[in-house]
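Below, each chain spelled out in residue letters.
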Amino acid sequence: MAVIELTVVPIGTKETSVSKYVAGCEKVLKEYEDLEVRLNPMGTVIHGDIDRAFEAIRACQESVFKNGADRVYSVIKIDDRRDKKASLDQKIKSVEDKM
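In short, a report on the structure. Small disclaimer: the values here were computed from a predicted structure and weren't measured.

### Overview of the pairing of strand S3 (residues 43-48)
The element S3 is extensively covered by neighbouring structure, given that six of its six residues are classed as buried. Of the two faces of S3, the one carrying Gly-43, Val-45 and His-47 and the one carrying Thr-44, Ile-46 and Gly-48 are both buried. Bridge analysis of strand S1 (residues 2-11) against S3 gives five bridges, and the strand direction is antiparallel. Following the sheet pairing, Ala-2 is matched in S3 by Gly-48. In the sheet, strand S2 (residues 36-40) pairs with S3 via five bridges, with the strands oriented antiparallel. Looking at the pairing, Leu-39 lines up with Thr-44 of S3. The turn joining S2 and S3, which pair antiparallel and follow one another in sequence, is formed by two residues.

Calculation criteria
Residues numbered from 1 in each chain as written. Predicted model: local features only at pLDDT ≥ 70, side-chain atom pairs only at ≥ 80, totals over all residues. Heavy atoms only, no water. Buried < 20%, exposed > 50% of the residue type's maximum accessible area, 1.4 Å probe, protein only. Helix = DSSP H or I, 4+ residues; strand = E, 2+ residues; numbered from the N terminus. Pairing = 2+ DSSP bridges.

This is the structure:
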């Protein structure tokens, strides 16, 4: 399972706020019930099958265009680990246990 952090930045809008674009993206991501999705202040973390996640990311980008952005700049970070299974909570707990 992959852990992906996605940040979408709408460009070519008339306002500086991006919350309506992020909200639209989050609504799309909720449709992918087989993926674990967590919004954070700087992006969204997606956990699940990498091919399915890419499909969701593409749909998310399209939602930003549909909401009026003329251009979308996206940053995608991927951690695709295959030697063992771990949940998002387990990854955080591993770090916390070492603090």
